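Examination of the molecular architecture
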Amino acid sequence: MTIRLPLDVSDKLSRLAKGTDRSRSYLAAAALSAYVDRELEIIEGIQQGLADVDAGRVVPHEQVVAEAEAIIAQAREARTKR
């Protein structure tokens, strides 16, 4: 695989390689791997969420808000009793 980098990125990569005693190729592969892992996790999470919606595995927004407000109220009450 060959990629073209903007000159400023290439220069920074060279400085990083020199400062870490790693090759430019190693650092580029590590950066690309981290990016791909992160992006793939996001895409797969979205796909799982859509599958949950299609299967009816959802909680109505109003229910979530009511439960969150109840938890906040309980926490505030416990805090005032201290």
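Attention in this report is confined to the structure presented alongside it. (Residues numbered from 1 in each chain as written. Predicted model: local features only at pLDDT ≥ 70, side-chain atom pairs only at ≥ 80, totals over all residues. Heavy atoms only, no water.)

1. Notes on the overall build of the protein
Here is the rule we go by: By definition, any uninterrupted DSSP run of H or I lasting at least four residues is a helix, any uninterrupted run of E lasting at least two residues is a strand, and each is numbered from the N terminus. For this measure, only C-alpha atoms enter the radius of gyration; the expected value for a globule follows 2.2 Å times N^0.38, where N is the number of residues. Summary of the burial criterion: residues with accessible area below 20% of their type's maximum are buried, those above 50% are exposed, and those between are partly exposed, where the area comes from a 1.4 Å probe applied to protein chains only. Surface exposure here means Shrake-Rupley accessible area, sampled with a 1.4 Å probe, where a residue is shielded only by the protein chains that are shown. Within this scheme the basic residues Lys and Arg register as positive and the acidic residues Asp and Glu register as negative, but His and the chain ends are omitted. Each charge is placed at NZ for Lys, CZ for Arg, CG for Asp and CD for Glu.
A count of helical and extended segments in the protein gives three helices and zero strands. Order of helices (α) and strands (β) in the protein, N terminus to C terminus: α-α-α. A compact globule built from 82 residues should have a C-alpha radius of gyration of about 12 Å, whereas the protein, at 24 Å, is more than 25% larger. Projected onto the principal axes, the alpha-carbon positions of the protein cover approximately 60 × 45 × 20 Å. Scored against the burial criterion, the 82 residues of the protein give a buried share of 5%. Carbon and sulfur atoms form 57% of the exposed surface of the protein, whose accessible area is close to 7500 Å². Treating the 12 positive side-chain charges of the protein as one cloud and the 13 negative ones as another, the clouds have centres 11 Å apart.

2. Comments concerning the packing of aromatic side chains
Inclusion rule: Any two rings among Phe, Tyr and Trp, with Trp reduced to its six-membered ring, count as a pair given centres within 6.5 Å; such a pair is stacked if its planes are under 30 degrees apart, edge-to-face if over 60, and tilted if neither. Whether a charge sits over a ring comes down to the Lys NZ or Arg CZ being within 6 Å of the ring centre and within 35 degrees of the ring normal.
Going through the model one piece at a time under the given rule, you end up with zero aromatic pairs. Here the basic side chain of Arg22 rests over the ring of Tyr26, its NZ or CZ set 4.3 Å away from the ring centre.

3. A few points about the pattern of salt bridges
Defined as follows: Salt bridges are defined by distance alone: a side-chain nitrogen of Lys or Arg within 4 Å of a carboxyl oxygen of Asp or Glu.
In the structure shown here, the tally under the stated rule is three salt bridges. Of the charged contacts, one joins Arg57 and Asp52 as a salt bridge, the two residues approaching to 2.7 Å between their closest N and O atoms. A salt bridge links Lys81 to Glu77; its shortest N-O distance comes to 3.3 Å. On the basis of relative accessible area, Lys81 is assigned to the exposed category, the value being 63%. Given the relative accessible area of 46%, Glu77 is considered partly exposed.

4. Points about a nonpolar patch on the surface
So the rule is basically this: Here the term patch refers to residues with relative accessible area over 30% and no salt bridge, with like charges joined within 9 Å and nonpolar side chains (Val, Leu, Ile, Met, Phe, Trp, Tyr) within 5 Å.
Side chains of Met1, Ile3, Leu5, Val9, Leu32, Tyr35, Val36 and Leu40 sit close together on the surface and give an oily, nonpolar patch of about 800 Å² of accessible area. Tallying contributions element by element places helix H2 (residues 24-54) first for the nonpolar patch, with four residues. The residue Met1 is located in the segment before helix H1 (7-20) in this model.

5. Remarks on unusual backbone geometry
In this structure, Asp21 is a non-glycine residue whose phi angle is positive, near 60°. Structurally, Asp21 is set in the loop between H1 and H2. For Asp21, a relative accessible area of 74% corresponds to the exposed category.

6. With respect to the environment of Leu7
Examined against the element boundaries, Leu7 turns out to sit in helix H1. Sequence separation of Leu7 and Gly49 is 42 residues, and the distance between their C-alpha atoms is 40 Å.

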